[in-house]
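Take a look at the letters that make up each chain.
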Amino acid sequence: MADKNTEQKIKQAFSNAVPDIRGSILSDCKSQKGAVIIMTDTNKKTFLSRRLAGIAAAFVLLIGGLAGFQIYRTNYSVASTVSLDVNPSIEIEVNKKEEVLAVNPRNKDAETVVGSMNFKGSSLDVAINALIGSMLRNGYLNELANSILISVDNQDPAKSAELQERLANEISAVLQSGTFNGAVLSQSIYADSNLRQLAETYGITLGKAQLIQQIIDQSAFYSFEDLVPLSINELNLLTESGNLNLANVNSLGTASDKAYIGEEKAKQAALSHAGASADKLTEYEIELDYEHGAMVYEIEFKCEGFEYDYEIDAVTGAVLKSGKETDDDYIPPKADTPQPDTGSSSQTNNSGPQADGGSSQAGGTPQANNTPQADGSSSQADNTPKADNSSSQTNSTPPQPAPESQKPKASYIDEGQAKNAALSHAGVSANAVTEYQSELDREHGIMVYEIEFKCQGFEYEYEIDASTGAVLKHEKDTDDDYVPPQAGGDQASGGSSGNIGEARAKEIAFSHAGVSADSVHNYEAGLDEDDGMMIYEIEFKAGNCEYEYEIDAVSGSVLKYEWDEND
């Protein structure tokens, strides 16, 4: 009973809380009966909005991707490659902001320069300054080798040229502030596939490969392979000495030649060997060049009817090659002293007898107006026709020389005399000569003996005048096939196994140094063996200089020499 009362109360409360609007709804439906209701297309608007939103999102993604790519390219893509070459070869890769991405050493020397330094993320200027400092500390840049090559590889020519010039000026300023003046070569890279392949094959930078290619393009005497081992200072010296015009290379400063003896000492070595005087030279030329794996001074000059050609070792001053031949254009100078009277001028007045009743001719051709003397003799002291009738002709033509084929054999020296002339000039003994050849031939209108032989590491070529025995031409070159004999015994006194002896080695050293024996003091000499070769080590002082020499004990060649001024 109680439950029923409770349910009735709840129903009544719910009815009071929720109004009964059923009747109202039905009434409204009756009033709207037959009316047209327009429906709105809300689904179409929603689709268009969604499409526009998708396009906008894609555009935002595209812009973001492009921005991200540009950021990556600016920060992580290689924009320029800068190479530094001395003998160490180093390549530096940088981005557009000139921040270092990588430093790549291309040879062992470069690994020493880079060491444990990590340049990634640093500026290009910082990296270059650090690398130049390391080259200076490790002795790769010094007063003997002061040249460096800077090469810039960039797709934009204008950017490449700007960076090349700026770096060259900065490095030049650093080197000039030190203890020596530097020489800076700079260039932009314009490499094709062939040049890149050469650089890869020889393990060098593109910059050095391009420099070598430009040198051999202007000088056919070199090959690419020949020049690869050379340092930048040596390549720079070849360029300067040969007056090569490398269009794409800019140069600041001058390459150092202090590692070599210098042009003046090379000249003295050549003149001393030739026995020529400096004041009688004409058409003198000298050039620093690279031959047979060594730097040499090539010297040419003319002197008193001969042409000379020399190659002087640029480090030791040794004569590596020499040549001498007649100068066909030579005109001997006229003598300053009056010529002796031959009697030809006395014919200006021969119409009558002289005071002594004789003719002005002592023994010449009879004159047309000879006046008989009191004794009936002719005015001529001696007008008897000679056996060859030469004196009896007033205007006879001088006899022509007989052809070479008709000359008696006695007019030529024999082959043995020609050989002795050649060996004497070369300063070698006959028993030390190998591969000797001799031939009588005609050269420049005269008969000559052409002689070739080898002796103790050198090849000799001679032309000996077959009539006079004079040396008309000679050449001396190193014998690449020579194998030195095994050294044995003390040969300081000379005379055995071709040893020149200490006295001769002393003369050679003094002659090369240009000093006289009486000006020398503190002289020391000793015979020693070095790499299977017997050499004389000679030290002495002369004037204000100290000299040290190494002389080949067999050939007498100057292998090495040094000189310093006394403090």
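Residues numbered from 1 in each chain as written. Predicted model: local features only at pLDDT ≥ 70, side-chain atom pairs only at ≥ 80, totals over all residues. Heavy atoms only, no water.

S.K.: Before we move on, can you summarise the sheet that holds strand E1 (residues 80–85) with the specific residues and values?
M.R.: Spatial ordering of the open sheet is given by E3-E2-E1-E4-E5-E6, a layout of six strands whose pairing is mixed. If you trace the sheet from one side to the other, it starts and ends with strand E3 (100–105) and strand E6 (249–252), each paired once. Neighbouring strand axes in the sheet, compared pairwise and without regard to direction, differ in orientation by 15° on average. For strand E2 (residues 89–94) and E3, the ladder comprises five bridges, and the chain directions are antiparallel. (Pairing = 2+ DSSP bridges. Helix = DSSP H or I, 4+ residues; strand = E, 2+ residues; numbered from the N terminus. Axes fitted to C-alpha atoms, helices over the stretch in contact; angles between N-to-C directions.)

S.K.: Report on the packing of helix H5 (residues 124–137) against helix H6 (residues 157–176), specifying residues and quantitative values.
M.R.: Packed helix pairs are characterised by how far apart their axes lie and by the angle those axes make with each other. Contact pair H5 / H6: the axes reach a minimum separation of 11 Å and the direction vectors enclose 40°. When the axes of H5 and H6 are compared, the pair comes out oblique. The handedness of the crossing between H5 and H6 is right-handed. Here H5 contributes Leu-124, Asp-125, Ile-128, Asn-129, Ile-132 and Leu-136 to the contact with H6, which in turn contributes Leu-163, Arg-166, Leu-167, Glu-170, Ile-171, Val-174 and Leu-175. Along the lines of polarity and charge, the residues of the contact of H5 with H6 split into nine nonpolar, one polar and three charged. (Parallel < 35°, antiparallel > 145°, perpendicular 65-115°, else oblique. Left-handed = near helix turned anticlockwise from the far one by under 90°. Contact = heavy atoms within 4.5 Å. Nonpolar A, V, L, I, M, F, W, Y, C, P; charged D, E, K, R; others polar.)

S.K.: How would you summarise unusual backbone geometry if you had to cite specific residues and measurements?
M.R.: One non-glycine residue with positive phi stands out, namely Glu-435, at about 50°. Counting through the fold element by element, Glu-435 comes out in strand E11 (residues 433–443). Backbone geometry places Gln-456, a non-glycine residue, at a positive phi of 50°. Within the secondary structure layout, Gln-456 lies in the loop between strand E12 (446–455) and strand E13 (458–465). For Gln-456, a relative accessible area of 18% puts it in the buried group. (Buried < 20%, exposed > 50% of the residue type's maximum accessible area, 1.4 Å probe, protein only.)

S.K.: Lay out H5 with the relevant residues and their values.
M.R.: Under the 1.5 Å per step criterion, the end-to-end length of H5 is 20 Å for 14 residues, consistent within 8% with the ideal 20 Å. If you check which residues of H5 are buried, you get Leu-124, Ala-127, Ile-128, Leu-131, Ile-132, Gly-133, Ser-134 and Met-135. Positive backbone phi, at 80°, marks Gly-139, one or two positions downstream of H5. (Expected span 1.5 Å × (residues − 1).)

S.K.: Quick one: what's the story with the pattern of salt bridges, residue by residue and with numbers?
M.R.: Where charged atoms from two side chains of opposite charge come close, those side chains can pair. Using the criterion set out here, one finds 21 salt bridges in the structure. Of the charged contacts, one joins Lys-258 and Glu-143 as a salt bridge, the two residues approaching to 3.9 Å between their closest N and O atoms. Of the two residues, Lys-258 is situated in the loop between E6 and helix H11 (263–274) and Glu-143 in the loop between H5 and strand E4 (147–154); the sequence distance between them amounts to 115 residues. Note on Glu-143: relative accessible area 44%, which makes it partly exposed. A salt bridge links Lys-302 to Glu-283; its shortest N-O distance comes to 3.5 Å. Of this pair, Lys-302 sits in strand E8 (residues 294–303) while Glu-283 sits in strand E7 (residues 281–291), and the two are 19 residues apart along the sequence. Residue class for Glu-283 comes out exposed when judged on its relative accessible area of 56%. (Salt bridge = Lys/Arg side-chain N within 4 Å of Asp/Glu carboxyl O.)

S.K.: Can you tell me about the sheet that holds strand E16 (residues 533–542), naming the residues and giving the values?
M.R.: Read across the open sheet, the four strands follow the order E15-E16-E17-E18; overall the sheet is antiparallel. In this open sheet, the two edge strands, each paired with only one partner strand, are strand E15 (520–530) and strand E18 (558–565). Averaged over all pairs of adjacent strands, the angle between strand axes in this sheet comes to 10°, irrespective of strand direction. Alignment of E16 against strand E17 (residues 545–552), held across eight bridges, turns out to be antiparallel. By the bridge assignment, Lys-541 is partnered in E17 with Glu-546. Strand contacts of helix H13 (residues 502–513): E15, E16, E17 and E18, with the helix running at about 55° to E16, the strand carrying the most contacts.

S.K.: Provide a residue-level description of the pairing of strand E10 (residues 319–326), including the pertinent values.
M.R.: Examined bridge by bridge, strand E9 (residues 306–313) and E10 share seven bridges and lie antiparallel to one another. Among the inter-strand pairings, Tyr-310 is bridged to a residue of E10, identified as Ser-322. Across three bridges, E10 lies against strand E14 (residues 471–478) in antiparallel orientation. Within E14, the position partnered with Gly-323 by the bridge is Glu-475.

S.K.: Could you give an account of the packing of helix H8 (residues 206–218) against helix H10 (residues 232–241), naming the residues involved and the relevant values?
M.R.: The interhelical angle for the contact between H8 and H10, taken along N-to-C directions, is 25°, at an axis separation of 11 Å. With respect to their mutual orientation, H8 and H10 come out roughly parallel. The element H8 and its partner H10 pack so that their crossing is left-handed. Residues Lys-208, Leu-211, Ile-212 and Ile-215 of H8 touch H10, and the partners they reach there are Ile-232, Leu-235 and Thr-239.

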